[in-house]
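Commentary on secondary and tertiary structure
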Amino acid sequence: MDLSTRVQSNPPNQQEFVLATTSTNPNMSCREVMTEYDEISRESIRKVAENKAYTARSLIDLVRFVAPKMMQRAEAHFSHGIAENLDDPKYSHFKYWSNPLETKLPDAPDMEIYCLYGVGIPTERSYVYKLSPSDRCRSIPFQIDSSADRGKDSCLKGGVSFVDGDESVPVLSTGFMCAKGWRGKTRFNPSGISTYVREYRHKPPASLFEGRGLESGAHVDILGNVALIEDVLRVAAGATGEELGGDRIYSDILQMSERINIRL
């Protein structure tokens, strides 16, 4: 199952899934510790596998089925949708605040927003899975299909699709809002706050004496990136985005953002 490169037109109906019959007998051989995962029958697992691709949207429905209690707790604090009407009073709830596609920037036209992140490191984006041959009780029924490989110059290697990013987060996630979602006056940025994309191209340390590196673009190590520290200090001291030099872009974030079709 390729989780992102293909869109399934007819995702499986959750009502087709069947929960396995479970027991509370403390002496049962394979149910010493009960989890939500244990309640899924093999029949349901096969139905999950029949869906050839799970996208970011359909994957949420899958997790709601596989771990409903966990998702109920998570969705009490976080939301993953795209707002149709940002003036709907429901979006005042804190669970929407962490999602930039379900909340508006403040009415502060003199404010500036910066997206600062690393690029130039292969970053995992999607996976190809296959059914595990094991039918043992409590065994994970899926495994990454390491045979899915399109060659040396392909982004698909060993069952994992790689894209540009900071080793943890793909560039599209880190840069989209500053590159397009908030750029200019949009419904997510009603007062037209200026946004700037500042990318830091990863350069590994030249020697062990550099530690994690002075030009690292990695997700955490970037906190030691001298160029990023300089930008942060200059902004804190009152410099504007134009004084920093405006956007500094090494990736294809602008071209990728243009391909994202959402109402702005």
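These figures come from a predicted structure and were not determined experimentally.

Turning to the overall build of the chain, a few remarks are in order. Summing up its helical and strand segments, the chain has seven helices and seven strands in all. Mapped from its N terminus to its C terminus, the chain presents α and β elements in the order α-α-α-β-β-β-β-β-β-α-β-α-α-α. Buried positions account for 34% of the 264 residues belonging to the chain. Considering only residue pairs separated by 6 or more positions, the chain has 63% of its internal contacts joining residues 24 or more positions apart.

Count 3.6 residues to each turn of an α-helix, and residues three or four apart come out pointing the same way. Within helix α2 (residues 56-66) the residues assigned to the buried category are Ser58, Leu62 and Phe65. The buried residues of α2 occupy one face: seen down the axis, they fall within an arc of 60°. Across from the buried face of α2, at angles greater than 90 degrees, the exposed residues are Ala56 and Arg57. Contacts from the buried residues of α2 go to α1 (42-50) and α3 (68-75).

Now for the state of the cysteines. Enumeration over the complete set of coordinates arrives at one disulfide. Across a sulfur-sulfur distance of 2.2 Å, cysteine 115 and cysteine 178 are joined as a disulfide pair. Disulfide cysteine 115-cysteine 178: torsion about the S-S bond near 80°, hence right-handed. A residue pair is termed long-range when its members are at least 10 positions apart, and cysteine 115 in strand β1 (residues 112-119) and cysteine 178 in helix α4 (residues 171-181) qualify at 63 residues.

Within the largest apolar cluster, 21 residues are counted, with the highest numbers of intra-cluster contacts made by Ile113, Tyr117, Met177, Cys178, Trp182 and Phe188. At the level of elements, β1 and α4 are the ones that each hand at least two residues to this core. Ranked by residues supplied to this core, first place goes to α4 with five residues. Contact partners of tryptophan 182, with chain neighbours within four places excluded, come to Pro100, Leu105, Ile113, Cys115, Met177, Phe188, Asn189, Ile193 and Thr195.

The next point concerns the side chain of arginine 198. Here arginine 198 is to be found in strand β7 (residues 194-201). Exposure remark for arginine 198: the relative accessible area of 4% places this residue in the buried category. Residues within four places of arginine 198 in sequence aside, it is in contact with Tyr114, Cys115, Leu116, Tyr117, Asp231, Leu244, Gly245, Gly246, Asp247 and Arg248.

For the structure shown, the criterion picks out three aromatic pairs. On the basis of an interplanar angle of 70° and a centroid distance of 4.8 Å, the ring pair of tyrosine 91 and tyrosine 96 is categorised as edge-to-face. Take tyrosine 91 and tyrosine 96: they sit in the same class, and that class is buried.

Through backbone hydrogen bonds, the strands of a sheet pair up, either in parallel or in antiparallel fashion. If you walk across this open sheet you meet the three strands as β2-β6-β5, and the pairing is antiparallel. The two strands at the open ends of the sheet, each matched to only one other strand, are β2 (121-127) and β5 (156-157). Bridge count for β5 against strand β6 (residues 160-165) is two bridges, and the pairing is antiparallel. Paired with lysine 157 across the two strands is valine 160, which belongs to β6.

This part takes up the pattern of salt bridges. Under the definition given, this model contains nine salt bridges. The residue lysine 203 makes a salt bridge to glutamate 215 at a minimum N-O spacing of 3.6 Å. On the criterion of sequence distance, the pair formed by lysine 203 in the loop between β7 and α5 (226-236) and glutamate 215 in the loop between β7 and α5 is long-range, its members being 12 residues apart. The exposure class of glutamate 215 is partly exposed, given its relative accessible area of 42%. Salt bridges sharing partners connect three or more residues here, namely Asp61, Arg64 and Glu75.

Turning our attention to the confidence of the model for the chain. The pLDDT averaged across the chain works out to 85; a share of 84% of its residues lies at or above 70. Across residues 1-11, where pLDDT falls below 50, the model places 33 contacts with residues more than four positions away in sequence or in other chains. For the stretch residues 19-28, pLDDT sits under 50, and the model shows 13 contacts to residues farther than four places along the chain or on other chains.

By the criterion of burial, β7 is predominantly enclosed, with six of the eight residues buried. Relative to β7, β1 runs parallel, the two being bridged by eight bridges. Across the sheet, the residue bridging to valine 119 is arginine 201, located in β7.

On to the pairing of β6, then. Sheet topology places β2 next to β6; six bridges connect them, and they run antiparallel. From the neighbouring strand, glutamate 124 faces β6, where its bridge partner is phenylalanine 162. Between the end of β5 and the start of β6, which pair antiparallel, lie two residues, with glycine 158 showing a positive phi angle near 60°.

Rules used throughout
- Residues numbered from 1 in each chain as written.
- Predicted model: local features only at pLDDT ≥ 70, side-chain atom pairs only at ≥ 80, totals over all residues.
- Heavy atoms only, no water.
- Helix = DSSP H or I, 4+ residues; strand = E, 2+ residues; numbered from the N terminus.
- Buried < 20%, exposed > 50% of the residue type's maximum accessible area, 1.4 Å probe, protein only.
- Contact = heavy atoms within 4.5 Å.
- Arc of directions from axis to C-beta.
- Disulfide = S-S within 2.5 Å.
- Core = buried A, V, L, I, M, F, W, Y, C linked by side-chain atoms within 4.5 Å.
- Phe/Tyr/Trp six-rings, centres within 6.5 Å; stacked < 30°, edge-to-face > 60°.
- Pairing = 2+ DSSP bridges.
- Salt bridge = Lys/Arg side-chain N within 4 Å of Asp/Glu carboxyl O.
- pLDDT = per-residue confidence, 0-100.

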